[in-house]
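Each chain, written out:
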Amino acid sequence: MSLNQLSEVKVSGGRLLRMQHESAMCNGTMTFAIFLPPQSQQGPNLSAQVNKVPALYWLSGLTCNDENFCQKSGAFSVAAQLGMALIMPDTSPRNANIEGEYEAYDLGTGAGFYVNATQAPWSAAYNMYSYVTEELPQLIQSNFAVSEQAAISGHSMGGHGALICALKNPGRYASVSAFAPIASPSKCPWGQKGLTAYLGKDEASWAQWDANQLVQINHAAGIAPQNLLIDQGTSDPFYKDQLMPELFNATCERLQHPVDYREREGYDHSYYYISSFIEEHLRYHVTHLGLTV
């Protein structure tokens, strides 16, 4: 699969690349960013793989694209020190020629919800789950000095994405964390709107895309639980109506699913909050990825 490099900049001793490619899963051109730390000894030929490093996949939230985390998180110096690649995909297909894709901030462009849509017209392109878990990792591992070892994290809608990607694929990710995730999308306005449009009105079909329900599904199936790290600001304006962490935490407590829940007094939903604690998350992931720091 051919890659088109849009830009490259040196940062914290590593390389930040912005790339485009044609996606089979999303039926069009997709953009992603990748940070390669100095430990990833990559020559000018993108296919040259000398020293492979593990990767953290970062999933962004509503209205974001691949650039928000790059520009606002302050993560690169820590990732460079730890020897970890960072992969930042877009949050949805763009210019998919789907009616209504640009009409609302919480549906369509910038709002893919990391599901595989089953409902027309969205099913033609909105398959972000398969893109993130299958197509993009294969592309990364084939073209960059990045190993199969992976962790996953995200914010808000992307926190929802990180949780469902890990819970739907036990053992795939060495670790998972989330900042202010939409952990029970079936119960909140953002989730209900997106899941109805992408999956249909039958709420039973939503269960496989809802972290709160996936914890219960995995428990009933006897699947060993994976530790979760969840970060939440107490002054987040979406705390009560959209995020509802108490509901998810209660489910995990009832089923003894391990969650390291870190409540941050006075922090909101912004990248000021994310940048304040991203180092903690990266260091958490690096311990599970087997890197020696």
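These numbers come from a predicted model, not from an experiment.

The rules we used
- Residues numbered from 1 in each chain as written.
- Predicted model: local features only at pLDDT ≥ 70, side-chain atom pairs only at ≥ 80, totals over all residues.
- Heavy atoms only, no water.
- Core = buried A, V, L, I, M, F, W, Y, C linked by side-chain atoms within 4.5 Å.
- Buried < 20%, exposed > 50% of the residue type's maximum accessible area, 1.4 Å probe, protein only.
- Contact = heavy atoms within 4.5 Å.
- Phe/Tyr/Trp six-rings, centres within 6.5 Å; stacked < 30°, edge-to-face > 60°.
- Helix = DSSP H or I, 4+ residues; strand = E, 2+ residues; numbered from the N terminus.
- Lys NZ or Arg CZ within 6 Å of the ring centre and 35° of its normal.

A. Representation of the nonpolar core. Core analysis: the biggest nonpolar cluster contains 92 residues, and Leu86, Ile152, Tyr198 and Leu282 have the highest contact counts within it. Once residues lying within four places of it in the same chain are set aside, the contact partners of Leu282 are Leu56, Ala75, Val78, Ala79, Leu82, Met84 and Leu86.

B. Main features of the packing of aromatic side chains. Per the counting criterion, the structure on display carries 13 aromatic pairs. Ring geometry for Trp122 versus Tyr198: centroids 5.5 Å apart, planes at 90°, classification edge-to-face. Taken as a pair, Trp122 in the loop between strand S5 (85-89) and helix H3 (128-143) and Tyr198 in helix H5 (residues 189-199) lie far apart in primary sequence, 76 residues in all. Comparing Trp122 with Tyr198, the two get one shared label, buried. Ring plane angle 80° and centroid distance 5.6 Å describe the contact between Phe179 and Tyr273, whose orientation is recorded as edge-to-face. Pair noted here: Phe179 is in strand S7 (residues 177-179) and Tyr273 is in helix H9 (residues 271-288), with a separation of 94 residues, a long-range link. An aromatic cluster is defined as three or more aromatic residues linked by ring pairs; in this entry it consists of Trp58, Phe69, Phe179, Tyr267, Tyr273 and Phe277. Over the aromatic face of Tyr129 sits the side chain of Lys168, whose NZ or CZ is 5.3 Å from the ring centroid.

C. Broad picture of helix H4 (residues 157-167). Counting buried residues along H4, 11 of its 11 residues qualify, which places the element largely inside the surrounding structure. When we look at burial in H4, the residues that qualify are Met157, Gly158, Gly159, His160, Gly161, Ala162, Leu163, Ile164, Cys165, Ala166 and Leu167. On its buried face, H4 is in contact with strand S4 (53-59), H3, strand S6 (146-154), S7, helix H6 (211-220) and strand S8 (228-233).

D. Layout of unusual backbone geometry. Between Ala120 and the following residue, Pro121, the backbone shows a cis peptide bond with an omega angle of 0°. Looking at the element boundaries, Pro121 is found in the loop between S5 and H3. Positive phi, normally seen in glycine, also occurs at Ala180, with a value near 45°. Positionally, Ala180 belongs in the loop between S7 and H5. With a relative accessible area of 0%, Ala180 lands in the buried category.

E. Region of interest: the side chain of Ser92. Mapping Ser92 onto the fold places it in the loop between S5 and H3. Once residues lying within four places of it in the same chain are set aside, the contact partners of Ser92 are Met30, Gly108, Thr109, Gly110, Ala111, Gly112, Tyr126 and Met128.

So, to be careful, I would describe these as geometric facts and stop short of saying anything about function.
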